[in-house]
Amino acid sequence: MSTGYTPRGRGYAAEAACLRFIAMATLSLKGIKKIYDGGVTAVHDFNLEIADKEFIVLVGPSGCGKSTTLRMVAGLEEISEGELYIGSKLVNNVEPKDRDIAMVFQSYALYPHMTVYENMAFALKLRKLPKDEIDRRVKEAAEILDITQYLERKPKALSGGQRQRVAIGRAIVREPQVFLMDEPLSNLDAKLRNQMRAEIIKLRQRIDTTFIYVTHDQTEAMTLGDRIVIMKDGFIQQIGTPQEVFDNPVNVFVAGFIGMPQMNFFNARLVKSGGGYAVKVAGATMEISEKIQKQLAAKNVPEKDIVLGIRPVHVSFAEGAGAHTIAARVDVSEMMGSEIHLHVTAKEDNGAEKDVVLVVSTTDLPESFRAGIPYGTTIHFTFPGELVHLFDKETERNLLAD
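**Remarks on the sheet that holds strand β16 (residues 326-335)**
Within the open sheet, the five strands sit side by side as β15-β19-β16-β17-β18. Their pairing is antiparallel. Two strands bound the open sheet, and with one partner strand each, they are β15 (316-318) and β18 (353-361). Direction aside, the axes of adjacent strands within the sheet are offset by 45° on average. One ladder, built from nine bridges, connects strand β17 (residues 339-347) with β18; its direction is antiparallel. Within the sheet, the bridge partner assigned to A346 lies in β18 and is K354.

**Considering unusual backbone geometry**
A negative phi holds for most residues other than glycine; trans holds for most peptide bonds. The amide bond that connects M260 to the next residue, P261, takes the cis arrangement and shows omega of 0°. If you trace the backbone, P261 turns up in the loop between α9 (252-257) and β11 (264-273). Despite not being glycine, D100 has its phi angle at roughly 60°, a positive value. Given the relative accessible area of 33%, D100 is considered partly exposed. Of note in this structure, A282 is not a glycine but carries a positive phi near 50°. With respect to the element layout, A282 can be found in the loop between β12 (276-281) and β13 (284-287).

**Let's talk about helix α2 (residues 66-74)**
Extensive coverage of α2 is indicated by the burial of seven of its nine residues. Among the residues of α2, K66, T68, T69, L70, M72, V73 and A74 are the ones counted as buried. Downstream of α2 by a residue or two, G75 has a phi angle that is positive, lying close to 90°.

**Considerations on the pattern of salt bridges**
Evaluated as defined, the whole model comprises 20 salt bridges. One salt bridge in this structure joins E81 and K33, with 3.8 Å as the shortest N-O distance. Of this pair, E81 sits in strand β4 (residues 81-86) while K33 sits in strand β1 (residues 27-35), and the two are 48 residues apart along the sequence.

**Re the sheet that holds β1**
Spatial strand order, β2-β1-β4-β5: four strands in an open sheet with antiparallel pairing. Every interior strand has two partners, whereas the edge strands, β2 (41-50) and β5 (89-90), have only one. Relative to β4, β1 runs antiparallel, the two being bridged by five bridges. Residue pairing in the sheet places S28 in a bridge with Y85 of β4. Its contacts with the sheet place α2 against β1, β2 and β4, and it is angled at close to 120° to β1.

**A look at the pairing of strand β10 (residues 235-240)**
Both strand β9 (residues 227-232) and β10 contribute to a ladder of five bridges, which runs antiparallel. Across the sheet, residue K232 finds its bridge partner in β10, namely F235. Once β9 ends, the chain turns through two residues before running back antiparallel as β10, passing D233 with a positive phi of about 55°.

**Quick notes on the nonpolar core**
In a soluble, globular protein the nonpolar side chains are often hidden away together inside. Counting 49 residues, the largest nonpolar core has M120 and I168 as the members making the most contacts within it. Here M120 is in contact with V138, A141, A142, I147, L151, V166, G169, R170 and V173, once residues within four sequence places are set aside. If you look at the next biggest cluster of nonpolar residues, it comprises 37 residues, including I292, A346, I373 and I379.

**Focus: the pairing of strand β7 (residues 178-182)**
The buried fraction of β7 is high, at five of five residues. Residues V178, L180 and D182 point to one face of β7 and F179 and M181 to the other, with burial holding for every one of them. Pairing analysis gives five bridges linking β7 to strand β8 (residues 210-215), with the strands arranged parallel. Bridged to D182 within β8 is V214. Handedness of the crossover joining β7 and β8 through helix α6 (residues 190-207): right-handed.

How each quantity is defined
- Residues numbered from 1 in each chain as written.
- Predicted model: local features only at pLDDT ≥ 70, side-chain atom pairs only at ≥ 80, totals over all residues.
- Heavy atoms only, no water.
- Pairing = 2+ DSSP bridges.
- Helix = DSSP H or I, 4+ residues; strand = E, 2+ residues; numbered from the N terminus.
- Axes fitted to C-alpha atoms, helices over the stretch in contact; angles between N-to-C directions.
- Buried < 20%, exposed > 50% of the residue type's maximum accessible area, 1.4 Å probe, protein only.
- Salt bridge = Lys/Arg side-chain N within 4 Å of Asp/Glu carboxyl O.
- Contact = heavy atoms within 4.5 Å.
- Core = buried A, V, L, I, M, F, W, Y, C linked by side-chain atoms within 4.5 Å.
- Right-handed = clockwise from strand over helix to strand, strands pointing away.

As structure tokens, this is what we get:
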């Protein structure tokens, strides 16, 4: 049997390790709740089916319940209500050591007095595995993670990225059914985070097992996850592939959380026009694509006040005023080389000022603006009707969501 991945340049030992590491694990979280003393509910009615070898990312702001959920899966937090299955086995009351999971923490949690080899071997020694089996597993994991040269060093002699590799290696050698990772990259600087994110993608291909990964960083969520679970205040907001939640956010929170720079939101009004729909926003009338109009008509959506969302990368620079353009004053112009980030102030229909971010390719700008746009300059912008997101003003739900 093969995992479908052939290691390159790492020798027979690493390939053999990959072939052996074929854990089979589905997870089922049914109505999971976490209620602390005093009646504070940290996680509400969490339902999720995780397929074998799927990479799931739990993402959301601090305090949303994602780490608490992960700790309940690990057995480090008691489940207040609901059922947790690993495979077909109910594990609510199973000790952490008997759940066949391995967890990688934000803080690395390495023993400072032990060498890298000893840190990686420690859990296996506790399980009283034969010395030759321990040695094989440690060396194969070290080869996969490219830390063989550090096996005799102690953690204090390693960089943050190297320590994180050791922490991951310590999990690999246990050959668990499920890997749990709790903000593993948050202690690293931006460059190292990018490098380690790529290493985790490679690692997932090599060991090909089930991952649950927690982060507050939407970039990590979008690049790592097969599916991402977006949480807020202990509730699941949306579950989907990275592209699904980017293209079709179910509410204002998800729309604003996923994507960088953050989506722009305008107070607007949905109106019926010429047998179809249009949007009045910031002194302009924006046309909507035929596809969106048909969806609105199928749901019989009435004229109403709405929130209109548009991503900065979907905003177009307009050369002058028009019925379908919005006027704005430039506050900050950030030249990025191939593109320019404009922070501008527009006036909404109620007279309130609105901060808006535009990401515009320098090739789309007039020649006089390509070196930057002076503060206070009046510009005009528009956006295509097929890329707008329309949300109910009261519920903040996407008008096209099921």
